[in-house]
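# Architecture at a glance
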Amino acid sequence: MTTIEHGTSTGVSFALTDEQKALRELAREFAANEIRPVEHEHDVDMRHPAEIVAKAHAVGLMNLHVPEEYGGPGLSCFDGMLVGEELYWGCSGIGTSITANGLGAGPVVLFGSDEQKARWLAPLIESPILCSFGLSEPGAGSDVASMKTTAVRDGDDYVLNGSKTFITNAGYADWTVVFAKTDSKAGSKGMSAFIVPMDATGVTIEQHLDKMGQRATDTSAFALQDVRVPVENRIGEEGDGFKIAMATLDFTRPGTAVGAVGVARAAYEHSVAYARERVTFDMPIAMHQGVNFMIADMATEVEASRLLCWQAAWMLDEGLGRGATLYSSFAKRFAADTAMKVTTDAVQVFGGYGYMKEYPVEKLMRDAKLFQIYEGTSQIQRLVIAKEIFLPRAD
Ligand code: CAA
């Protein structure tokens, strides 16, 4: 399947620049040469891919959105689309390990002070260290505002108590942006965001969670017990936490969505190859309409998902901010559900072999499921979309 990339005379263009093509090629080769050959063993062993993260860092495929003044490449959200699709095509578990700094560092990139950016972003460029996004809790996943973790001001410090779970890369992170209640009576307006070093006294990794798919990515639970952080680690003002979390997710959801495109594309490609070679009733199964219609739908839906991701990223790069919320959720909802459908159909194309671990589509189907859950479930994306349609905002 070729991607549309030619210019048009209408003022709207899908043409990539030479730099963008080179960036995508770099990511594509990295995925083919460094990720694909080891994806199976990382999946089986649930092994954190530290050495692949280090290689991705060395070739410049990490921390894409860290601004140039802090040593980063300062790439656009759109450029991130080109890298993300390829890395996740290689393996979404390893891809998530590489790209999750985008979410972890997102609040600092988008809302940090100059001092915070210099202190926390510059080291991400110097060495392959990880950071994470500490939002979800055992009792507060979709309903963020109901979180229980607290941060109480004590002189020049805040003291944090609570627990976080389902946090990508937390078990290997140097620091985490932890969201906590500074005013438990103020609902979403009572949340604040803090940069917490993971070696601070009172931070304990409780569990590296065992998952169905994307098993190469660390997903951990951690506790905070009387953890002290200085006031200068608070991002924004007290009470800004909810909006910081939401705006960060607006920015990162297209990147996660395009990861789902990578997984769906991988499943589609495996299906085409298998349908050409597998013979039943004296002909390749590609000749059976029951199979080739499924594959035609896969191709169409992969393309449609990618276009939604590109549009959401373009809107974010145009600085549309809150205006991009709707499109971020369109992209995340559609691409995640598409990846689930395409990978499920790919297992069907492979028949009995598709259900076997020996063939690649079984892993892709397990991996795809997570896109409908993390960074906001498909139901939460519909809730955001419905709110944007029916509840007009003042801002
Ligand atoms: N940007 C800025 N502000 C926003 C916003 C946005 N995108 N969305 C909402 N707000 C503002 C609203 O305007 C409102 O402000 P006012 O009170 O001043 O009008 C305020 O925030 C509260 O908004 P809502 O009333 O819409 O809030 P809500 O409590 O109803 O919840 C929700 C909204 C969309 C359901 C939200 O809770 C949500 O997104 N939940 C899903 C969370 C999520 O994605 N979790 C994934 C965790 S990260 C992860 O998975 C990664 C990992 O590491 C595994």
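Residues numbered from 1 in each chain as written. Predicted model: local features only at pLDDT ≥ 70, side-chain atom pairs only at ≥ 80, totals over all residues. Heavy atoms only, no water.

### Details of the site of the ligand
Quick note on the threshold: Here a residue is near a molecule or strand as soon as one of its heavy atoms is found within 4 Å of it. Every accessible area reported is derived by Shrake-Rupley at a probe size of 1.4 Å, with residue values counting cover from the shown protein chains alone. In this text, helices come from DSSP runs of H or I with a minimum length of four residues, and strands from runs of E with a minimum of two, each type numbered from the N-terminal end. Lys, Arg, Asp and Glu make up the charged group, whereas Ala, Val, Leu, Ile, Met, Phe, Trp, Tyr, Cys and Pro make up the nonpolar group; the residues left over, Gly among them, are polar. Segment limits for the domains were obtained from an automatic or database-derived domain assignment.
With respect to spatial proximity, 27 residues lie near the ligand, and among them Ser-142, Lys-189, Asp-250, Glu-375 and Lys-387 are the closest. Compared with its free state, where it exposes 1100 Å², the ligand has 77% of that area covered by protein. Counting residues per element, the ones that place at least two in the shell around the ligand are strand S3 (157-168), helix H9 (241-277) and helix H13 (378-390). With seven residues, H9 is the single largest residue contributor to the shell around the ligand. Its residues assigned to classes, the shell around the ligand shows 13 nonpolar, seven polar and seven charged. Shared between two domains, the shell around the ligand takes at least three residues from each, and those domains are domain 2 (131-241) and domain 3 (243-390).

### Some thoughts on the pairing of strand S1 (residues 130-134)
Within a regular strand, the side chains alternate between the two sheet faces. Stated precisely, the cut-off is as follows: Classification of residues uses two cut-offs on accessible area relative to the type maximum, computed with a 1.4 Å probe and protein chains only: under 20% is buried, over 50% is exposed, and between them is partly exposed. DSSP-based pairing: two strands are paired if at least 2 bridges between them are found.
The buried fraction of S1 amounts to five of the five residues, a majority that puts the element mostly inside the structure. Of the two faces of S1, the one carrying Leu-130, Ser-132 and Gly-134 and the one carrying Cys-131 and Phe-133 are both buried. Here S1 runs beside strand S4 (residues 173-181); their pairing, made up of five bridges, is parallel. Directly across from Phe-133, in S4, lies its bridge partner Val-177.

### Details of the side chain of Arg-253
Rule in force here: Positive residues here are Lys and Arg, negative ones are Asp and Glu, while His and the chain termini are left out of the count. For this analysis, a salt bridge means a side-chain nitrogen from Lys or Arg found within 4 Å of a carboxyl oxygen belonging to Asp or Glu. Contacts are residue-level and defined by heavy atoms, with any inter-residue pair within 4.5 Å sufficient.
The residue Arg-253 is located in helix H9 in this model. Comment: no salt bridge for buried Arg-253; closest opposite-charge side chain is Asp-250, at 4.5 Å. Beyond its immediate chain neighbours, meaning those up to four positions away, Arg-253 contacts Ser-328, Ser-329, Lys-332, Glu-375, Gly-376, Ile-380, Gln-381 and Val-384.

### Section: helix H1 (residues 18-35)
Quick reminder of the rule: Here a helix's expected span is defined as the number of its residues, less one, multiplied by 1.5 Å. Note: the arc covers the axis-to-C-beta directions of the helix.
Between its terminal C-alpha atoms H1 stretches 24 Å, which fits the 26 Å expected from 18 residues at 1.5 Å a residue. Residues of H1 that are buried include every one of Gln-20, Leu-23, Arg-24, Ala-27, Phe-30, Ala-31 and Ile-35, and no others. One side of H1 carries all its buried residues, which in axial view fall inside an arc of 120 degrees. Seen from the open side of H1, the exposed residues pointing more than 90 degrees away from its buried face are Asp-18 and Asn-33. On the buried face of H1, the contacting elements are helix H2 (39-45), helix H3 (50-58), helix H4 (77-90) and helix H5 (92-99).

### What to know about a nonpolar patch on the surface
Worth spelling out the cut-off: Exposure above 30% relative accessible area and no salt bridge define the residues that can form patches, which grow by joining like charges within 9 Å and nonpolar side chains of Val, Leu, Ile, Met, Phe, Trp and Tyr within 5 Å.
Taken together, the side chains of Val-12, Phe-14 and Leu-307 make up a nonpolar region of the molecular surface, amounting to roughly 240 Å² of accessible area. Following the sequence through the fold, Leu-307 ends up in helix H10 (residues 289-317). A relative accessible area of 36% means that Leu-307 is categorised as partly exposed.

### Here's the deal with the pattern of salt bridges
Under the criterion given, the structure shown has 25 salt bridges. Salt-bridge contacts for Glu-85 lead to Arg-265; the nearest nitrogen and oxygen are separated by 2.7 Å. With a gap of 180 residues between them, Glu-85 in helix H4 and Arg-265 in helix H9 connect regions that are remote in the sequence. For Glu-85, a relative accessible area of 4% gives the class buried. The salt bridge partner of Glu-303 is Arg-306, with a shortest N-O separation of 3.1 Å. Taken together, the positions of Glu-303 and Arg-306, both in helix H10 and three residues apart, correspond to about one turn of that helix. Of the two residues, Glu-303 and Arg-306, neither departs from the other in class, the shared state being buried.

### What about the packing of H4 against H9?
Test applied: Angles here are taken between N-to-C directions and fall from 0 to 180 degrees, while the axes themselves are lines fitted to C-alpha atoms, restricted in helices to the stretch in contact. We call a crossing left-handed when the near helix sits turned anticlockwise from the far one by less than a right angle, and right-handed when that turn is clockwise.
The N-to-C vectors of H4 and H9 enclose an angle of 35 degrees; their axes lie 7 Å apart at closest approach. Here the hand of the crossing between H4 and H9 comes out right-handed. For the pair formed by H4 and H9, the contact residues are Cys-77, Met-81, Gly-84, Glu-85, Glu-86, Tyr-88 and Trp-89 on the first element and Phe-251, Pro-254, Gly-255, Val-258, Gly-259, Val-261, Gly-262, Val-263, Arg-265, Ala-266 and Glu-269 on the second. Split by residue class, the contact of H4 with H9 holds 10 nonpolar, four polar and four charged.

### Some words on the nonpolar core
A general trend in soluble globular proteins is that nonpolar side chains are found buried together. Basically, it comes down to this: What is meant by a nonpolar core is a set of buried Ala, Val, Leu, Ile, Met, Phe, Trp, Tyr and Cys residues, joined one to another through side-chain atoms within 4.5 Å.
The biggest cluster of nonpolar side chains holds 69 residues, and the ones touching the most others in it are Ile-35 and Ile-98. For this core, the secondary-structure elements that each account for two or more residues are H1, H3, H4, H5, H9, H10, helix H11 (325-350) and helix H12 (360-371). Counting contributing residues, this core receives three or more from each of domain 1 (18-126) and domain 3 (243-390). When near neighbours in sequence (up to four residues on either side) are disregarded, Ile-35 contacts Phe-30, Ile-52, Leu-87, Gly-90, Cys-91, Ile-94 and Ile-98. One finds Met-147, Trp-175, Ile-235 and Ile-244 within the second-largest nonpolar core, a separate group that totals 26 residues.

### Overview of a negative patch on the surface
Test applied: Lysine's charge is taken at NZ, arginine's at CZ, aspartate's at CG and glutamate's at CD.
A contiguous patch of negative charge on the surface is contributed by Glu-68, Glu-69, Asp-114 and Glu-115. Positionally, Glu-115 belongs in helix H8 (residues 114-126). The exposure class of Glu-115 is exposed, given its relative accessible area of 60%.

### Some thoughts on H8
Between the first and last C-alpha of H8 there are 18 Å, a value that for 13 residues agrees with the 18 Å anticipated at 1.5 Å per step. When H8 is considered as a whole, its buried residues turn out to be Gln-116, Lys-117, Trp-120, Leu-121, Ala-122 and Leu-124.

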